[in-house]
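One-letter residues, chain by chain:
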Amino acid sequence: MTVSTSQRIFNFSAGPAVLPLPALQEAQRDLVCYPGAGASVMEMSHRGKVIDGIIKETEARLRRILGIPENYHVLFLQGGASLQFSMVPMNFLGTGGADYLELGAWSKKAMSEARKVGQVQVAWSGKAEGFKRMPGDADFKVRPEASYLHMTSNETIEGIQFHHDPDSQGLPLVCDASSDFLCRPLDISRYAMIYAGAQKNVGPAGVTLVVMSDEFYSKALEDELRPTMLGYKVHVDNKSLYNTAPVFSIYMVGLVLKWVEEEMGGLSGIHAHNQKKAALLYQAIDQSNGYYRGHAEVASRSLMNVTWRLPSEDLEKQFVQEAQARGLDGLKGHRSVGGIRASIYNAFPYEGVEALVSFMEEFRRKNG
Ligand SMILES: *Cc1c(COP(=O)(O)O)cnc(C)c1O
């Protein structure tokens, strides 16, 4: 039985989210039997030659696409970005404590996990302003004795994003990039560590990508009592194969990276595609005579998650329902913020944004 691709909706889900059709189709074609292997990727040992080749190729592609320097480790871990919220402080926070930028719901979660480990200093908070913007470099000051500065490059729930690499003022910069990893070119050398749950922009749930400089890695604290799996050392030493790796998720990440590299023109091509989609949607908000009100300040608008309000909650409810009936799915804003959220990650097609924008115009005409 094959399911027609024409049955696929425009999927605005915040995560797990839309994947590139060519990646899904290649996985479907090879699902039962990976070429030359006689078995499915799901059925083979993570220590065998085939899977080893898939993992190595996926890492090589990621290094190529992002231009990851050789002195950086690449890890495929489990536990999501949420486990990194704990692993980062457990391995690095130490007596100096760590500085955090409080930018939205996800950085708040990262901070509260770090507080269970040790001292956390809030270098800057957007809370009083309702998390509508990212700070500029002059807005915050770090403590020189802190072990690292933690940031979230894109706050998925509020829909705000950095459009520059923040100046960490000499501290190692640790970045949760779960919802905008690979959305544009990135200067990895500015970061000590970047981590991202795969399920927003890079693949299915089940694998978390970690890119870490060897210099930062070498500062990891020894802790005999810490569970082995919660240290980075065991994963670096065993090249992410200490225990059974999430092989199918890594394989899917590899197929998504192949699409980025071979069909989208790498990160600059992806960036142009994302800018074009976001521009069209923000324009529809801006040209609605105040009917649609964007949450983010213009300079911090996210390319990935576009958030806005309607004149009333009843209209928002109606908007989401009518959109869904048209095959525009997953537009309900996060319960903590309300309103509408359109997640338009890398794999989301331009035509889907066009369909949304024309629905928005029609809805406003009927309900304005
Ligand atoms: C989704 C998300 C997370 C949580 O990821 P999990 O993989 O579910 O733990 C963390 N940070 C950001 C920015 C996210 O968007």
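So, here's what we can say about the structure. (Residues numbered from 1 in each chain as written. Predicted model: local features only at pLDDT ≥ 70, side-chain atom pairs only at ≥ 80, totals over all residues. Heavy atoms only, no water.)

### Here's the deal with the overall build of the chain
Right, on to step 1. When you go through the chain residue by residue, the secondary structure sums to ten helices and 14 strands.
Right, on to step 2. Against the globule reference of 21 Å for 368 residues, the chain gives a C-alpha radius of gyration of 21 Å, in line with a compact fold.
Right, on to step 3. Principal-axis analysis of the C-alpha atoms places the extent of the chain at approximately 65 × 55 × 30 Å.
Right, on to step 4. Taking the intrachain contacts of the chain between residues at least 6 apart in sequence as the baseline, contacts between residues at least 24 apart amount to 68%.
Right, on to step 5. Measuring between centres, the 38 positive side-chain charges of the chain sit 4 Å from its 41 negative side-chain charges. (Helix = DSSP H or I, 4+ residues; strand = E, 2+ residues; numbered from the N terminus. Rg over C-alpha atoms; globule rule 2.2 N^0.38 Å. Contact = heavy atoms within 4.5 Å. Lys, Arg positive; Asp, Glu negative; His and termini not counted. Charge placed at Lys NZ, Arg CZ, Asp CG, Glu CD.)

### Considering the packing of helix α2 (residues 49-66) against helix α7 (residues 247-262)
Right, on to step 1. Following both chains from N to C, one finds α2 and α7 inclined at 40°, their axes separated by 9 Å at the closest point. Comparing the axis directions of α2 and α7 gives the class oblique. Remark: the crossing between α2 and α7 carries left-handed chirality. Contact with α2, carried on its side by Ile 51, Ile 54, Ile 55, Thr 58, Arg 61, Leu 62, Arg 64 and Ile 65, involves Val 247, Ile 250, Tyr 251, Val 253, Gly 254, Leu 257, Lys 258, Val 260, Glu 261 and Glu 262 of α7 and no other residues of that element.
Right, on to step 2. A class-by-class count of the residues in the contact of α2 with α7 yields eleven nonpolar, two polar and five charged. (Axes fitted to C-alpha atoms, helices over the stretch in contact; angles between N-to-C directions. Parallel < 35°, antiparallel > 145°, perpendicular 65-115°, else oblique. Left-handed = near helix turned anticlockwise from the far one by under 90°. Nonpolar A, V, L, I, M, F, W, Y, C, P; charged D, E, K, R; others polar.)

### Quick notes on the nonpolar core
Right, on to step 1. If you look at the biggest cluster of nonpolar residues, it comprises 94 residues, and the most contacted ones within it are Phe 181, Leu 281, Trp 308, Phe 319 and Leu 356.
Right, on to step 2. The element best represented in this core is α7, accounting for ten residues.
Right, on to step 3. Mapping this core onto the domain boundaries places at least three of its residues in each of domain 1 (24-262) and domain 2 (266-367).
Right, on to step 4. Sequence-distant contacts of Trp 308, defined by excluding residues within four places in its chain, comprise Leu 281, Ile 285, Tyr 292, Arg 293, Gly 294, His 295, Phe 319, Gly 339, Ile 340, Ala 342, Leu 356 and Met 360. (Core = buried A, V, L, I, M, F, W, Y, C linked by side-chain atoms within 4.5 Å. Buried < 20%, exposed > 50% of the residue type's maximum accessible area, 1.4 Å probe, protein only. Domains from an automatic or database assignment.)

### Here we look at the packing of aromatic side chains
Right, on to step 1. This structure, assessed with the given rule, holds 16 aromatic pairs.
Right, on to step 2. Ring-pair connections join several aromatic residues into one group, and the members of that group are Tyr 291, Tyr 292, Trp 308, Phe 319, Phe 359 and Phe 363.
Right, on to step 3. The residue whose ring lies beneath Lys 276 is Tyr 350, and the NZ or CZ to ring-centre distance is 4.1 Å. (Phe/Tyr/Trp six-rings, centres within 6.5 Å; stacked < 30°, edge-to-face > 60°. Lys NZ or Arg CZ within 6 Å of the ring centre and 35° of its normal.)

### Here we look at a positive patch on the surface
Right, on to step 1. On the surface, Lys 109, Lys 317, Lys 332 and Arg 335 cluster together into a positively charged patch.
Right, on to step 2. Among the structural elements, Lys 332 can be located in the loop between β13 (328-329) and β14 (340-343). (Patch = residues over 30% accessible without salt bridge, like charges linked within 9 Å, V, L, I, M, F, W, Y side chains within 5 Å. Areas by Shrake-Rupley, 256 points an atom, 1.4 Å probe, with all protein chains shown as cover. Salt bridge = Lys/Arg side-chain N within 4 Å of Asp/Glu carboxyl O.)

### Brief notes about the pattern of salt bridges
Right, on to step 1. Summed over all chains, the structure comprises 19 salt bridges.
Right, on to step 2. Here Glu 59 makes a salt bridge to Arg 63, at a shortest N to O gap of 2.9 Å. Within this pair, Glu 59 and its partner Arg 63 are both found in helix α2, separated by four residues, close to a single helical turn.
Right, on to step 3. According to the relative accessible area criterion, Glu 59 is partly exposed, its value standing at 24%.
Right, on to step 4. The partner of Arg 326 in a salt bridge is Glu 362, and the shortest N-O contact between them spans 2.6 Å. Note that Arg 326 is positioned in the loop between α9 (313-325) and β13 and Glu 362 in helix α10 (residues 350-367), a separation of 36 residues in sequence.
Right, on to step 5. Looking at Arg 326, the relative accessible area reads 41%, which means it is partly exposed.
Right, on to step 6. According to the relative accessible area criterion, Glu 362 is partly exposed, its value standing at 25%.
Right, on to step 7. Put simply, Glu 57, Arg 61, Arg 64, Glu 261 and Glu 262 are held in one network by salt bridges that share partners.

### Focus: the site of the ligand
Right, on to step 1. In the neighbourhood of the ligand, 13 residues make up the surrounding shell, with Ser 82, Thr 156, Asp 176, Gln 199 and Lys 200 lying closest.
Right, on to step 2. The backbone of Ala 81 places a nitrogen or oxygen atom 3.1 Å from an oxygen atom of the ligand.
Right, on to step 3. Trp 106 has a polar side-chain atom sitting 3.5 Å from an oxygen atom of the ligand.
Right, on to step 4. Calculation on the ligand without its partners gives an accessible area of 390 Å², and the protein chains cover 88% of this total.
Right, on to step 5. Looking at the shell around the ligand residue by residue, the classes come out as three nonpolar, eight polar and two charged. (Near = heavy atom within 4 Å. Polar contact = N/O pair within 3.5 Å; in protein donor to acceptor, adjacent residues only side chain to side chain.)

### With respect to helix α4 (residues 105-115)
Because each turn of an α-helix spans 3.6 residues, side chains separated by three or four positions end up pointing in the same direction.
Right, on to step 1. Among the residues making up α4, those that are buried are Ser 107, Ala 110, Met 111 and Ala 114. Down the axis of α4, the smallest arc covering the buried residues is 100°, so these residues share one side.
Right, on to step 2. On the buried face of α4, the contacting elements are α3 (80-92), β3 (98-102), β4 (120-125), β5 (149-152) and β6 (154-155). (Arc of directions from axis to C-beta.)

### Quick look at the sheet that holds β5
What holds strands together in a sheet is hydrogen bonding between their backbones, with the strands either parallel or antiparallel.
Right, on to step 1. Read across the sheet, seven strands follow the order β2-β10-β9-β8-β5-β3-β4 without closing on themselves; strand pairing throughout is mixed. Two strands bound the open sheet, and with one partner strand each, they are β2 (72-77) and β4. Pairwise comparison of adjacent strand axes, ignoring direction, gives a mean angle of 20° for this sheet.
Right, on to step 2. The sheet contact formed by strand β9 (residues 193-197) and strand β10 (residues 208-213) spans five bridges and is antiparallel. (Pairing = 2+ DSSP bridges.)

### Some points on the packing of α9 against α10
Packed helix pairs are characterised by how far apart their axes lie and by the angle those axes make with each other.
Right, on to step 1. The interhelical angle for the contact between α9 and α10, taken along N-to-C directions, is 135°, at an axis separation of 11 Å. By the angle class used here, α9 and α10 are oblique. The way α9 lies across α10 gives a crossing that is right-handed. In this structure, α9 contributes Leu 315, Gln 318, Phe 319, Glu 322 and Ala 323 to the contact, and α10 contributes Leu 356, Phe 359, Met 360, Phe 363 and Asn 367.

Just geometry here; none of it tells us what the structure is for.
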